[in-house]
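# Geometric and topological summary
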Amino acid sequence: MRLTTWNINSVRLRIGLVEDFLKSVRPDILCLQETKCQDDQFPAKAFTKLGYVHQAIHGQKGYHGVAIVSKLPFAATDKCRYCDKDDARHVTVTLDDGTELHNFYIPAGGDIPDPDENEKFAHKLAFLDELTAQFEGQGDGPKILVGDLNIAPHEHDVWSHKQLLKVVSHTPVEVERMAALMASAPFIDVMRELVPLDEKLYTWWSYRSKDWLASNRGRRLDHIWVTEPLRARALAGGRGALTVHQDVRGWERPSDHAPVTLDIAD
């Protein structure tokens, strides 16, 4: 099973890029974040035409939004709301083998890493706490969690650990919350199981950097996690089964996130 996660930053604006990507990479399942459209505006026909006939969509007007499109059938679909907000940040499907696939767009958190001064940061921390409580005690069934989690936890998940310690997405309080979330299932960070911690690994490069590739001031904000029953399948292909499609970040009018693909063994 080939699985891709991608913060597309407006699926309608970039549907041409998505179509080109799908024709080239051919994932079985594509998980999108920041679709930025209501459910009835989602370009469902474009995906159906390419064979992605199974679709689970959770959108809203102009902001956030997540979707899963698949060549593989779903046994069930669901969506959750967090922090009493209807802000379309989660959708999940259950595959025919019983695997739960969760697609998340976790709040970015604004610019000030202080929950007392910044409501957006407080929301991010509360969202993570609620999510952690949700996964605790759910049992040890097979689960996959993907998406733009908006946290780069490790030293080499950011271009400068020292300079970003007080920058939202890499602060100690966020990293601690992410660790608690990972322990709740528990989840395995597949990307860092396959790529050593001492190697740089990024999935996002800011629009603010005109020459983003040369400066390479990236962060790993996009993640693929699995629970223990899927460990062997997720890691079976080794490093060659994981691709951060950095070239896609360089396409015309791209998202600021690169897609990430994992081949999960049968």
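Residues numbered from 1 in each chain as written. Predicted model: local features only at pLDDT ≥ 70, side-chain atom pairs only at ≥ 80, totals over all residues. Heavy atoms only, no water.

## A closer look at the overall build of the protein
- Check the secondary structure of the protein and you find nine helices and 14 strands.
- Relative to a compact globule of 266 residues, whose C-alpha radius of gyration would be 18 Å, the protein shows 17 Å and is just as compact.
- Across its three principal axes, the protein shows a C-alpha extent of roughly 45 × 45 × 40 Å.
- Looking at the 266 residues of the protein, the share that counts as buried comes to 52%.
- Intrachain contacts of the protein at a sequence separation of at least 6 include 67% that bridge at least 24 residues.
- Roughly 11,900 Å² of accessible area belongs to the protein as shown, and the carbon and sulfur atoms make up 49% of that amount.
- Of the charged side chains in the protein, 32 are positive and 39 negative; the average position of the first set lies 7 Å away from that of the second. (Helix = DSSP H or I, 4+ residues; strand = E, 2+ residues; numbered from the N terminus. Rg over C-alpha atoms; globule rule 2.2 N^0.38 Å. Buried < 20%, exposed > 50% of the residue type's maximum accessible area, 1.4 Å probe, protein only. Contact = heavy atoms within 4.5 Å. Areas by Shrake-Rupley, 256 points an atom, 1.4 Å probe, with all protein chains shown as cover. Lys, Arg positive; Asp, Glu negative; His and termini not counted. Charge placed at Lys NZ, Arg CZ, Asp CG, Glu CD.)

## Quick notes on the packing of aromatic side chains
- Tallied over the entire structure, the rule returns nine aromatic pairs.
- A ring pair is formed by Tyr 82 and Phe 127, whose centres lie 4.8 Å apart and whose planes are at 45°; its orientation type is tilted. With Tyr 82 in the loop between strand S5 (74-78) and strand S6 (90-95) and Phe 127 in helix H3 (residues 119-135), this residue pair connects regions lying 45 residues apart in the sequence. Both residues of the pair, Tyr 82 and Phe 127, belong to the buried class.
- On the basis of an interplanar angle of 65° and a centroid distance of 6.5 Å, the ring pair of Phe 104 and Phe 135 is categorised as edge-to-face. Highlighted residues: Phe 104 in strand S7 (residues 100-105) and Phe 135 in helix H3, separated in sequence by 31 residues. For the pair formed by Phe 104 and Phe 135, the shared burial category is buried.
- Through successive ring pairs, a cluster of aromatic residues spans Tyr 82, Phe 104, Phe 127, Phe 135, Phe 187 and Trp 225.
- Over the ring of Trp 212 we find Arg 249; its NZ or CZ atom is 4.9 Å from the centre of that ring. (Phe/Tyr/Trp six-rings, centres within 6.5 Å; stacked < 30°, edge-to-face > 60°. Lys NZ or Arg CZ within 6 Å of the ring centre and 35° of its normal.)

## Points about the state of the cysteines
- Inspection of every chain in the model, using the stated rule, returns zero disulfides.
- The closest cysteine sulfur to the non-disulfide-bonded Cys 80 is located on Cys 83, 12 Å from its own sulfur. (Disulfide = S-S within 2.5 Å.)

## Regarding the sheet that holds strand S2 (residues 29-33)
- Strand order in this open sheet of six strands is S3-S4-S2-S1-S14-S13, and the pairing throughout is mixed. Of all the strands in the sheet, just strand S3 (54-58) and strand S13 (242-244) have a single pairing partner and so form its edges. The mean inter-strand angle of the sheet, taken between neighbouring strand axes irrespective of direction, is 10°.
- Pairing between S2 and strand S4 (residues 66-70): five bridges, direction antiparallel. Considered in S4, the bridge of Cys 31 is made with Ile 68. (Pairing = 2+ DSSP bridges. Axes fitted to C-alpha atoms, helices over the stretch in contact; angles between N-to-C directions.)

## Details of the sheet that holds strand S9 (residues 187-189)
- Sheet architecture is open: six strands sit in the order S5-S6-S7-S8-S12-S9, paired in mixed fashion. Here the strands that pair on one side only, and so sit at the sheet edges, are S5 and S9. Each adjacent strand pair in this sheet contributes to an overall mean axis angle of 20°, direction not counted.
- One ladder, built from three bridges, connects S9 with strand S12 (residues 222-227); its direction is antiparallel. Within S12, the residue paired with Phe 187 across the bridge is Thr 227.
- Each of S7, strand S8 (143-148) and S9 touches H3; the most contacted strand, S7, lies at about 170° to it.
- Helix H5 (residues 172-184) contacts S9 and S12 of the sheet and is inclined by roughly 125° relative to S9.

## Some remarks on the packing of H3 against H5
- Between H3 and H5, whose axes approach to 8 Å, the crossing angle comes to 15°. The orientation of H3 relative to H5 falls into the category roughly parallel. Crossing of H3 against H5: the hand is left-handed. Contacts from Phe 121, Lys 124, Leu 125, Leu 128, Asp 129, Leu 131, Thr 132 and Phe 135 in H3 reach Val 173, Glu 174, Arg 177, Ala 180, Leu 181 and Ser 184 in H5.
- For the contact of H3 with H5, the per-class residue count stands at eight nonpolar, two polar and four charged. (Parallel < 35°, antiparallel > 145°, perpendicular 65-115°, else oblique. Left-handed = near helix turned anticlockwise from the far one by under 90°. Nonpolar A, V, L, I, M, F, W, Y, C, P; charged D, E, K, R; others polar.)

## Some points on the side chain of Thr 261
- Mapping Thr 261 onto the fold places it in strand S14 (residues 260-263).
- Residue classification places Thr 261 among the buried residues on the basis of a relative accessible area of 3%.
- At 2.6 Å, the side chain of Thr 261 and the side chain of Thr 4 are in polar contact.
- Discounting residues that sit within four places of it in the chain, Thr 261 has contacts with Arg 2, Leu 3, Thr 4, Phe 21, Val 25, Ala 241, Leu 242, Thr 243 and His 245. (Polar contact = N/O pair within 3.5 Å; in protein donor to acceptor, adjacent residues only side chain to side chain.)

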